Amino acid sequence: QQQVKQSPQSLIVQKGGISIINCAYENTAFDYFPWYQQFPGKGPALLIAIRPDVSEKKEGRFTISFNKSAKQFSLHIMDSQPGDSATYFCAASDISSNYQLIWGAGTKLIIKP
Amino acid sequence: NAGVMQNPRHLVRRRGQEARLRCSPMKGHSHVYWYRQLPEEGLKFMVYLQKENIIDESGMPKERFSAEFPKEGPSILRIQQVVRGDSAAYFCASSPPVNGYTFGSGTRLTVV
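Residues numbered from 1 in each chain as written. Chains lettered and ligands numbered in written order. Predicted model: local features only at pLDDT ≥ 70, side-chain atom pairs only at ≥ 80, totals over all residues. Heavy atoms only, no water.

(A) Highlighting the overall build of chain A. Secondary structure assignment for chain A yields zero helices and eleven strands. Listed N to C, the secondary structure of chain A is β-β-β-β-β-β-β-β-β-β-β in terms of helices and strands. Since a compact globule built from 113 residues should have a radius of gyration of about 13 Å, the 13 Å found for chain A is in line with a globular shape. By its C-alpha atoms, chain A is 45 × 30 × 20 Å across when sized along the principal axes. Accessible surface for chain A amounts to roughly 5500 Å². Of this, 52% is attributable to carbon and sulfur atoms. Side chains of chain A give 11 positive and 8 negative charges; the mean places of these two sets differ by 8 Å. (Helix = DSSP H or I, 4+ residues; strand = E, 2+ residues; numbered from the N terminus. Rg over C-alpha atoms; globule rule 2.2 N^0.38 Å. Areas by Shrake-Rupley, 256 points an atom, 1.4 Å probe, with all protein chains shown as cover. Lys, Arg positive; Asp, Glu negative; His and termini not counted. Charge placed at Lys NZ, Arg CZ, Asp CG, Glu CD.)

(B) Spatial organisation of the pairing of strand β6 (residues 53-56) of chain B. Residues and elements named next belong to chain B. Bridge count between strand β5 (residues 43-50) and β6: three bridges; the pairing is antiparallel. Considered in β6, the bridge of Tyr48 is made with Asp56. Counting the residues that bridge the hairpin from β5 to β6 gives two residues, and of these Glu52 lies at a positive phi of roughly 65 degrees. (Pairing = 2+ DSSP bridges.)

(C) Region of interest: the state of the cysteines. The tally for this structure, following the rule as stated, stands at two disulfides over all chains. Bridging Cys23(A) to Cys90(A), the disulfide has an S-S length of 1.8 Å. Of note, the bridge from Cys23(A) to Cys90(A) carries an S-S torsion of about -95 degrees and is left-handed in sense. In this pair, Cys23(A) is assigned in strand β3 (residues 19-25) and Cys90(A) in strand β9 (residues 86-92), connecting sequence segments 67 residues apart. The residue that forms a disulfide with Cys23(B) is Cys92(B), at a sulfur-sulfur distance of 1.8 Å. Negative torsions about the S-S bond denote left-handed disulfides, and the value of about -50 degrees found for Cys23(B) with Cys92(B) makes this one left-handed. Pair noted here: Cys23(B) is in strand β3 (residues 19-24) and Cys92(B) is in strand β9 (residues 88-95), with a separation of 69 residues, a long-range link. Accessibility classification places Cys23(B) together with Cys92(B) in one group, the buried group. (Disulfide = S-S within 2.5 Å. Buried < 20%, exposed > 50% of the residue type's maximum accessible area, 1.4 Å probe, protein only.)

(D) Representation of the pairing of β9(A) in the model. Residue and element names in this part refer to chain A. Here β9 lies mainly inside the structure; six of its seven residues are buried. Pairing between strand β4 (residues 33-38) and β9: four bridges, direction antiparallel. What sits directly across from Gln37, in β9, is Tyr88. Two elements, β9 and strand β11 (residues 107-112), share three bridges in a ladder whose sense is antiparallel. What sits directly across from Ala86, in β11, is Leu109. Summarising the sheet, β9 and strand β10 (residues 102-103) pair through two bridges and their orientation is antiparallel. Opposite Ala91, over in β10, you have Trp103 as the bridge partner.

(E) The arrangement of the environment of Val4(A) in detail. All names here are of chain A. As for its position among the elements, Val4 is in strand β1 (residues 4-7). Between the C-alpha atom of Val4 and that of Lys108, which follows or precedes it by 104 residues, the distance is 16 Å. Not counting the four nearest positions on each side in its chain, Val4 is found in contact with Cys23, Ala24, Phe30, Phe73, Cys90, Ala92, Ile102, Trp103 and Gly104. (Contact = heavy atoms within 4.5 Å.)

(F) Here's a closer look at the packing of aromatic side chains. Residues and elements named next belong to chain A. Summed over the entire model, instances satisfying the criterion amount to 18 aromatic pairs over all chains. Ring geometry for Phe33 against Phe73: centres 4.9 Å apart, planes inclined by 55 degrees, an arrangement best described as tilted. Of this pair, Phe33 sits in strand β4 while Phe73 sits in strand β8 (residues 72-77), and the two are 40 residues apart along the sequence. The pair Phe33 / Phe73 is uniform in exposure class, with both members buried. (Phe/Tyr/Trp six-rings, centres within 6.5 Å; stacked < 30°, edge-to-face > 60°.)

Structure (structure tokens):
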């Protein structure tokens, strides 16, 4: 019930392509869905987040798509650049757990020049 | 606003010694979380604290590991009698009461 399942585990995309990372959850009480980006040797940093009252949120080249009925959300990186190469984590939380984040396992993204 | 400060950045300990990892949360953040990360792996939740209270320690090993977040001062993650398997990056995150984790840069513990 508390799991967040993330796929794929790793992803290689050509420069300029679209990177897509998917997450699925079971707990319908989740109401906050962030994505974090982590570069080697650094802590994760919040990239973009969405709440279930909207189906899409865009910030620059990064878009979250949210499908409430399917209990899925995804991160799309448009015009992927080598500097986007990092590990991406999805997460989810709700008020009943004090908004403690439940994490996906992470996706290692490599953008080939 | 200095962000979440973790120190030291790197810590080397011999087997059997104690490791103390410190985390100062962002100003205004009352919730602290500790995570452990092995190379090429995800974040493993360890413990969630609020000032003077442990809220969830379900990810903490039962022995040798302890955490505190006192009324004054930083949160401390303490590992007693370290073993080689404790070598990892330990990340601290803080948040206000609702949403928005901010992570520190981590402490990389090496046990030799």
